[in-house]
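The residues making up each chain are set out below.
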Amino acid sequence: SPPPSKPKAKKKLAECSFKGDDWKKALTQSEKMWAGSVARCIAQTLLHPLDTIRTRRQVKGGLPTSALDTSKGLIPQMAGAMPAGALQFMAYENSKEKLQLLLKNHTLGGLKPHVIEIASSSLGAAAASLVRVPQERIKQPVQADIYPNFMAAIAGNMNEGGLPAFFTGFTATIMRDVPWNALSFTFFNIFKMIYEQMQNKAPAQRDTMALAALGGTLAAVIMTPVDVVKTRLMLQKPDENGELAYKGIAQALGKIALEEGPGALLKGVTPRCLYLGPLASITFSFYERIGKSILLKRGPDWCRSSRA
């Protein structure tokens with residue numbers, strides 16, 4: 001009789017990889033929200049002193065800043081960071097997945113990854129603005145010494161115009177945050193793709209932070225003039241005739257450049273870069289680190305296991 005055949009060796013499955021962005025699809029909605037909210041809260045809390053310095057410099061005439069001043073507005077900063085981060089990353093990841101599916105048969109001339117990145121990060125920033133604008137309307141007046149604390153800022157907004165007052169400057173904030181997020185996310189992903197092509201591996205934590213910081217800083221410089229306008233629109237008060245100095249984005253850009261010189265549109269660029277570069281660095285790196293930690297807890301075959 002013929003000798004018994006040897007059992008066929010099992011085909012070895014490929015290891016789960018964190019290279020690229022496909023690994024994020026294994027996260028549930030709640031996991032994305034949790035990772036985004038914690039990452040944003042950590043980043044904004046650590047960098048709040050720089051945000052306060054930036055705001056005080058951008059006020060017309062500028063304000064000196066002491067060590068004690070740097071903690072002003074910290075409570076509304078922390079209170080708004082987590083829901084803003086949750087909304088942003090949930091909208092970003094969900095829209096990115098849907099756009100990839102929608103455009104799976106299109107190349108867009110080789111620009112598809114960048115088009116998807118810009119669109120999804122813009123949607124994420126727009127979603128976060130639903131929290132960010134009321135947060136800024138409470139935080140910035142405290143940072144600029146218009147109100148002594150966040151409770152007074154809330155009362156002041158209610159007295160000025162009720163709930164709609166909390167959304168003053170919404171358009172300017174959208175025009176600042178959406179392009180900054182689109183640019184910083186896009187720059188980060190371009191740098192990350194270049195890194196992975198050169199190193200043939202996913203970037204380590206330190207490398208992720210460096211790539212994100214570079215992307216965030218470049219985007220910060222580009223968007224500083226809009227940030228100056230946004231600060232002026234949010235902090236202005238009517239004069240004795242009930243007139244506002246700044247009536248819109250274009251008018252404010254022209255008025256500031258004409259009355260104070262074009263350089264005024266770059267006020268606060270240094271603390272803004274020192275704030276937004278690390279903000280992108282800490283947010284992206286912690287978001288990815290938290291997401292990867294969640295998946296690794298499922299075991300080495302996390303990419304083949306069902307979602308929790």
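Up top is the structure.
Here is a short report on the structure shown in this document. (Residues numbered from 1 in each chain as written. Predicted model: local features only at pLDDT ≥ 70, side-chain atom pairs only at ≥ 80, totals over all residues. Heavy atoms only, no water.)

Things to note about the overall build of the protein
Then comes step 1: Scanning the protein from N- to C-terminus turns up nine helices and zero strands.
Then comes step 2: Mapped from its N terminus to its C terminus, the protein presents α and β elements in the order α-α-α-α-α-α-α-α-α.
Then comes step 3: The principal-axis extent of the C-alpha atoms belonging to the protein is close to 110 × 40 × 35 Å.
Then comes step 4: Taken over 308 residues, the protein has a buried fraction of 48%.
Then comes step 5: Of all intrachain contacts in the protein linking residues separated by at least 6 positions in sequence, the fraction that spans at least 24 positions is 79%.
Then comes step 6: For the protein, the distance from the average site of its 39 positive side-chain charges to the average site of its 23 negative ones is 9 Å. (Helix = DSSP H or I, 4+ residues; strand = E, 2+ residues; numbered from the N terminus. Buried < 20%, exposed > 50% of the residue type's maximum accessible area, 1.4 Å probe, protein only. Contact = heavy atoms within 4.5 Å. Lys, Arg positive; Asp, Glu negative; His and termini not counted. Charge placed at Lys NZ, Arg CZ, Asp CG, Glu CD.)

Quick word on unusual backbone geometry
Then comes step 1: Despite not being glycine, Leu-108 shows a phi value in the positive range, around 55 degrees.
Then comes step 2: Along the chain, Leu-108 turns up in the loop between α3 (74-102) and α4 (112-143).
Then comes step 3: Positive phi outside glycine occurs at Asp-145, with the angle close to 65 degrees.

Looking at empty space enclosed by the protein
Then comes step 1: According to the stated counting rule, one finds five cavities of 30 Å³ or more in the structure shown.
Then comes step 2: Each pocket or cavity is described by its volume, and for the largest cavity that value is around 160 Å³.
Then comes step 3: Around the largest cavity, the lining is made up of 16 residues, and of these Arg-40, Arg-132, Arg-176, Asp-177 and Leu-276 lie nearest the centre.
Then comes step 4: Elements represented by at least two residues in the lining of the largest cavity include exactly α1 (29-46), α4, α6 (170-199) and α9 (269-296).
Then comes step 5: Residue classes in the lining of the largest cavity are distributed as six nonpolar, four polar and six charged. (1 Å grid on protein atoms, 1.4 Å probe; cavity = no way out; pocket = protein on both sides within 12 Å on 5 of 7 lines; lining within 4 Å. Points joined across faces, edges and corners; volume = space filled by probe spheres on them. Nonpolar A, V, L, I, M, F, W, Y, C, P; charged D, E, K, R; others polar.)

Regarding the packing of aromatic side chains
Then comes step 1: Throughout the structure, instances matching the rule amount to 10 aromatic pairs.
Then comes step 2: Their ring planes at 65 degrees and their centres at 4.6 Å tell us that Tyr-92 and Phe-185 sit as a pair that is edge-to-face. You can see Tyr-92 sitting in helix α3 and its partner Phe-185 sitting in helix α6, a full 93 residues away along the chain. Grouping residues by exposure puts Tyr-92 and Phe-185 together as buried.
Then comes step 3: Residues Phe-188 and Phe-284 carry aromatic rings whose centres are separated by 4.6 Å and whose planes lie at 15 degrees to one another, so their mutual orientation is stacked. Here Phe-188, found in helix α6, pairs with Phe-284, found in helix α9; they are 96 residues apart in sequence, far enough to count as distant. With respect to burial, Phe-188 and Phe-284 carry one shared label: buried.
Then comes step 4: Here the aromatic residues Phe-89, Tyr-92, Phe-185, Phe-188, Phe-284 and Tyr-287 are joined through ring pairs into a cluster of three or more. (Phe/Tyr/Trp six-rings, centres within 6.5 Å; stacked < 30°, edge-to-face > 60°.)

Some details on a nonpolar patch on the surface
Then comes step 1: Together, Leu-108, Leu-111 and Val-115 make up a nonpolar patch on the protein surface, roughly 230 Å² of accessible area in all.
Then comes step 2: Within the element layout of this structure, Leu-111 appears in the loop between α3 and α4.
Then comes step 3: In this structure Leu-111 comes out as partly exposed when scored by relative accessible area, which is 49%. (Patch = residues over 30% accessible without salt bridge, like charges linked within 9 Å, V, L, I, M, F, W, Y side chains within 5 Å. Areas by Shrake-Rupley, 256 points an atom, 1.4 Å probe, with all protein chains shown as cover. Salt bridge = Lys/Arg side-chain N within 4 Å of Asp/Glu carboxyl O.)

Description of the layout of surface pockets
Then comes step 1: Roughly 370 Å³ of internal volume is contained in the largest pocket.
Then comes step 2: Along its surface, the largest pocket is lined by 16 residues, and Asp-21, Lys-96, Gln-100, Pro-113 and Met-193 are the ones closest to its centre.
Then comes step 3: Residue classes in the lining of the largest pocket are distributed as four nonpolar, four polar and eight charged.
Then comes step 4: Quantified by volume, the second largest pocket comes out at close to 160 Å³.
Then comes step 5: Contributing elements (two or more residues each) for the lining of the second largest pocket: α5 (150-161) and α7 (205-235).
Then comes step 6: The class makeup of the residues in the lining of the second largest pocket is five nonpolar, three polar and three charged.

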